[in-house]
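In case you want the letters, here they are:
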Amino acid sequence: MFTVKKRLISLILALLCAVSVPCVSYAKYDSTIPVYAQGNSSNLIYIKRPQSHSASTSDKTYTISAVGTKGTKVKIFRESDGVGQLIKSEKEIGASGLYSTVVDLTQDVNSFIVYAEKGGTDQVVKIQISKVKQSTVDKLKNLTVNILNFIK
């Protein structure tokens with residue numbers, strides 16, 4: 001009788017371990033993410049802004065926006081010294097499917113990691129936003145106006 005109890009307890013513990021392993025084996029990034037991290041999905045979110053994975057602006061901030069499925073959780077990390085540091089805590093995409101957040105551009109070249117996860121799948125998207133000086137923007141506008149005047 002005593003060995004039957006041991007076997008039953010062992011069986012119950014084995015079943016608990018088998019059920020709980022998939023739950024804990026999924027790596028969720030909290031405050032940092034390795035820059036080499038890759039997700040196991042590519043269809044949780046679609047980055048709308050920037051339209052490509054890089055952009056330039058003369059502003060001090062930039063709005064990153066995406067669309068995704070309801071319930072997808074999104075975090076933004078800033079790449080620094082080979083690791084991504086959390087700068088925008090987890091936000092869950094609602095019924096509209098829209099996600100948007102504003103990030104500060106603290107350097108001339110700002111690298112961000114957008115991390116999305118839902119139900120054991122995750123996606124990593126890397127974005128680079130360059131900050132251009134306003135004087136450079138003014139020079140380009142002036143050059144464009146001069147070229148247009150020359151063509152007329």
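Residues numbered from 1 in each chain as written. Predicted model: local features only at pLDDT ≥ 70, side-chain atom pairs only at ≥ 80, totals over all residues. Heavy atoms only, no water.

Caption draft 1: Spotlight on the overall build of the protein chain. Each helix and strand counted, the protein chain has two helices and nine strands in total. In the protein chain, the succession of helices and strands from N to C terminus is α-β-β-β-β-β-β-β-β-β-α. For the protein chain, long-range pairs separated by at least 24 residues make up 66% of all intrachain contacts whose partners lie at least 6 apart in sequence. Surface summary for the protein chain: the accessible area is close to 10,200 Å², and the carbon and sulfur share equals 58%. (Helix = DSSP H or I, 4+ residues; strand = E, 2+ residues; numbered from the N terminus. Contact = heavy atoms within 4.5 Å. Areas by Shrake-Rupley, 256 points an atom, 1.4 Å probe, with all protein chains shown as cover.)

Caption draft 2: The confidence of the model for the protein chain, seen in detail. Summarising the model, the protein chain shows a mean pLDDT of 85, and 78% of its residues fall at 70 or more. In this model residues 20-27 is a low-confidence stretch, pLDDT under 50, and it forms six contacts with partners more than four residues away in sequence or in other chains. (pLDDT = per-residue confidence, 0-100.)

Caption draft 3: A nonpolar patch on the surface, seen in detail. Residues Ile147, Phe150 and Ile151 make up a contiguous nonpolar surface patch of about 390 Å² in total accessible area. Mapped onto the fold, phenylalanine 150 is located in helix α2 (residues 134-151). Here phenylalanine 150 falls in the exposed class, since its relative accessible area comes to 73%. (Patch = residues over 30% accessible without salt bridge, like charges linked within 9 Å, V, L, I, M, F, W, Y side chains within 5 Å. Salt bridge = Lys/Arg side-chain N within 4 Å of Asp/Glu carboxyl O. Buried < 20%, exposed > 50% of the residue type's maximum accessible area, 1.4 Å probe, protein only.)

Caption draft 4: Inspection of the sheet that holds strand β2 (residues 45-49) at higher detail. Spatially, the three strands line up as an open sheet ordered β2-β4-β7, and their pairing is antiparallel. At either margin of the open sheet sits one strand with a lone partner, and together these are β2 and β7 (98-104). Between one strand and the next, the sheet's axes are offset by a mean angle of 30°, whatever the strand orientation. (Pairing = 2+ DSSP bridges. Axes fitted to C-alpha atoms, helices over the stretch in contact; angles between N-to-C directions.)

Caption draft 5: Molecular detail of the nonpolar core. Membership of the largest hydrophobic core comes to 19 residues, with the highest contact counts inside it found for Ile45 and Val114. For this core, the secondary-structure elements that each account for two or more residues are β2, β4 (61-68), β5 (73-80), β7, β8 (109-118) and β9 (121-131). Within the second largest apolar cluster, eight residues are counted, among which are Tyr29, Ala37, Tyr115 and Val124. (Core = buried A, V, L, I, M, F, W, Y, C linked by side-chain atoms within 4.5 Å.)

Caption draft 6: Structural view of the sheet that holds β5. With mixed pairing, the six strands of this open sheet are ordered in space as β1-β6-β5-β8-β9-β3. Edge positions in the open sheet fall to β1 (32-34) and β3 (54-57), since each of these has one partner strand only. Across the sheet, the mean angle from the axis of one strand to that of its neighbour is 30°, orientation sign disregarded. With 10 bridges joining them, β8 and β9 adopt antiparallel strand pairing. Bridging from a neighbouring strand, valine 114 pairs with valine 125 of β9.

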